Amino acid sequence: MDPLASGLIAFRHAPVALSGVCYGRLDVAAELSPEGAATAIERALRDVGLRPGVVWSSPLSRCALPAAELAARLGVAHAVDERLVEIAYGAWEGRAWSDIERDDPVAYAAWLDGWERVGPPGGESAIEVEARVRSFWRALGSTAGASGALGTSGTSGARPHLLVAHAGVLRALRVVACGASWIEAMSAPAPHLAAERFPLPAPALSLAAP
């Protein structure tokens, strides 16, 4: 069995109408309507011949609203998980990056130099994001996290999980599910509304096997 056929397929949310602003945890609306984003994801799923058993998202509206719309169209559960929220930038949230560099030069330089283990004031490092995303990913390997256990109709363990995701979560998944380094994960682009596929943990694959 192809491990990706029953794995996790993730789509980054649609672009937001901000430029040059730090907005990790801010609930910023996407430029595309939830219906429009759901249509784009639905079309991509048809192109690869996949039908998910559950749609996951963070609680932030740029992910949660299109995920809910898509789940309703597909007749499957929409599951919201706090572990899937975007990286927290703490005191920098909502500020222009140019202002942060000018007004907080010491913390900004420290973050640039050690972002894998150093977060902004009151925010998260990459390693901290990795830890919560790893917790989510590993939970998909348990029977409690399988799509059938969420009460979806007619689903089976062989159907993939779908995630409407933030860029930081996608990059963390490259680290935890694919073994990439954080440098590698950050170097590869994360296009909006483009599919990226990840294997599930080994227990999930064995549970899904016929």
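Here, every reference points to the structure presented above.
Here goes a summary of the coordinates provided. (Residues numbered from 1 in each chain as written. Predicted model: local features only at pLDDT ≥ 70, side-chain atom pairs only at ≥ 80, totals over all residues. Heavy atoms only, no water.)

Turning our attention to the overall build of the protein. In terms of helices and strands, the protein carries eight helices and five strands. Ordered by position in the sequence, the α and β elements of the protein form the string β-α-β-α-β-α-α-α-β-α-α-β-α. The buried share among the 210 residues of the protein stands at 46%. Restricting to contacts in the protein with at least 6 residues of sequence separation, those with at least 24 account for 71%. When the accessible area of the protein is evaluated, it comes to approximately 9200 Å², of which 56% is carbon and sulfur surface. (Helix = DSSP H or I, 4+ residues; strand = E, 2+ residues; numbered from the N terminus. Buried < 20%, exposed > 50% of the residue type's maximum accessible area, 1.4 Å probe, protein only. Contact = heavy atoms within 4.5 Å. Areas by Shrake-Rupley, 256 points an atom, 1.4 Å probe, with all protein chains shown as cover.)

Moving on, we come to the side chain of Arg62. Secondary-structure assignment places Arg62 in helix H2 (residues 61-74). Buried charged residue Arg62 carries no salt bridge. Nearest counter-charge: Asp27, at 4.9 Å. Reaching out from Arg62, the side chain makes a polar contact with the backbone oxygen of Leu26 at a distance of 2.7 Å. Once you skip the residues sitting within four places of it in the chain, Arg62 turns out to touch His13, Val16, Tyr23, Gly24, Leu26, Asp27, Val28, Ala30, Glu86 and His166. (Lys, Arg positive; Asp, Glu negative; His and termini not counted. Salt bridge = Lys/Arg side-chain N within 4 Å of Asp/Glu carboxyl O. Polar contact = N/O pair within 3.5 Å; in protein donor to acceptor, adjacent residues only side chain to side chain.)

Let us look at helix H6 (residues 167-178). Three- or four-residue spacings in an α-helix give side chains the same orientation, since the helix completes a turn every 3.6 residues. Between its terminal C-alpha atoms H6 stretches 16 Å, which fits the 16 Å expected from 12 residues at 1.5 Å a residue. When you tally the buried positions in H6, you get 11 out of 12 residues, the bulk of the element. Residues of H6 that are buried sit in contact with strand E1 (8-12), helix H5 (126-139), strand E4 (161-165), helix H7 (182-187) and strand E5 (195-198). (Expected span 1.5 Å × (residues − 1).)

Functional significance is not addressed by these values, which are geometric in nature.
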